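Observations on the model geometry
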Amino acid sequence: DQQVKQNSPSLSVQEGRISILNCDYTNSMFDYFLWYKKYPAEGPTFLISISSIKDKNEDGRFTVFLNKSAKHLSLHIVPSQPGDSAVYFCAASALGNEKLTFGTGTRLTIIP
Amino acid sequence: GAVVSQHPSRVICKSGTSVKIECRSLDFQATTMFWYRQFPKQSLMLMATSNEGSKATYEQGVEKDKFLINHASLTLSTLTVTSAHPEDSSFYICSAPDRGGHNSPLHFGNGTRLTVT
């Protein structure tokens, strides 16, 4: 049972435009959400997170939006840059639990 | 920033042999480390939680006798794949929370690509 889903395996965006990556979850106990970025042959690196008490968190070019009623979160990258090309994983955890449940990832390709 | 070092990055072994993967936290203490496994085009799947000074906690479906985890110190956890078979070929990644506790982003190692021939 995939509790965190990223339904788009890949996404291509023109450089300078906005990239929007989506993530859905089914477990209502999840209260903390994170986005990780992964380059080939490397481990994931933390990008941005959001707590369930918020609906938006912004860090530079990256903004994460959380819609609790829809159990949906999204990552916006603007403007998109070639270095943003990577696989992006969303992850979630429940209160009192350090374990992360990951989505299947979305491969983002920024077209110069 | 916090760094997690994982070795080896790539290993090829023959079926039936055992392989040890090391995961070190370089500038912080990690009482807990997590071991993940990733198949091609699939999600990172948590295998087990390594706890310093106590037994590891394994996720459902993960054979504890096959995937031996030892967390001997606050900076080192090891995963040993015993009697490896071709179906164990995968990408294994360790991680550790920087400060520990909930809402602490994980720092990941660079992973180990295991190929069993």
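Just above sits the structure.
Quick summary incoming for the structure in this document. What you see is a predicted model; the values in this text were computed from it and never measured.

What counts, and at which threshold
Residues numbered from 1 in each chain as written. Chains lettered and ligands numbered in written order. Predicted model: local features only at pLDDT ≥ 70, side-chain atom pairs only at ≥ 80, totals over all residues. Heavy atoms only, no water. Contact = heavy atoms within 4.5 Å. Buried area = accessible area lost by both parts, 1.4 Å probe. Salt bridge = Lys/Arg side-chain N within 4 Å of Asp/Glu carboxyl O. Polar contact = N/O pair within 3.5 Å; in protein donor to acceptor, adjacent residues only side chain to side chain. Helix = DSSP H or I, 4+ residues; strand = E, 2+ residues; numbered from the N terminus. Nonpolar A, V, L, I, M, F, W, Y, C, P; charged D, E, K, R; others polar. Pairing = 2+ DSSP bridges. Axes fitted to C-alpha atoms, helices over the stretch in contact; angles between N-to-C directions.

What to know about the interface of chain A and chain B
If you look at the interface, chain A gives 23 residues, while chain B gives 22 residues. Between chain A and chain B lies a buried interface of about 1,700 Å² when both sides are counted; carbon and sulfur atoms form 60% of it. On the chain A side of the contact with chain B, Glu98(A), Lys99(A) and Phe102(A) bury the most area, a combined 35% of that side's loss. Along the contact surface separating chain A from chain B lie one salt bridge. Measuring nitrogen to oxygen at the nearest pair gives 2.8 Å for the salt bridge that ties Lys99(A) to Glu59(B). For the interface between chain A and chain B, the tally reads seven residue pairs in polar contact (both at pLDDT 80 or more). Those elements giving two or more residues to the side of chain A that touches chain B turn out to be strand E4 (30-38) and strand E9 (86-94) of chain A. A per-class count over the side of chain A that touches chain B returns 11 nonpolar, seven polar and five charged.

Side note on the pairing of strand E7 (residues 67-73) of chain B
For a regular strand, side-chain orientation follows a simple rule: the groups alternate between the two sheet faces. Residue and element names in this part refer to chain B. The sheet contact formed by E7 and strand E8 (residues 76-81) spans five bridges and is antiparallel. Each residue of the ladder has a partner; that of leucine 68, found in E8, is threonine 80. Where E7 hands over to E8, the hairpin turn is made up of two residues, counted between the paired strands.

Overview of the sheet that holds E8(B)
Backbone-to-backbone hydrogen bonds pair the strands of a sheet. The strands run either parallel or antiparallel. Residue and element names in this part refer to chain B. Taken together, four strands build an open sheet; the order of strands is E1-E3-E8-E7 and the sheet is antiparallel. Edge positions in the open sheet fall to strand E1 (4-7) and E7, since each of these has one partner strand only. Mean inter-strand twist for the sheet, computed between neighbouring axes without regard to direction, equals 15 degrees.

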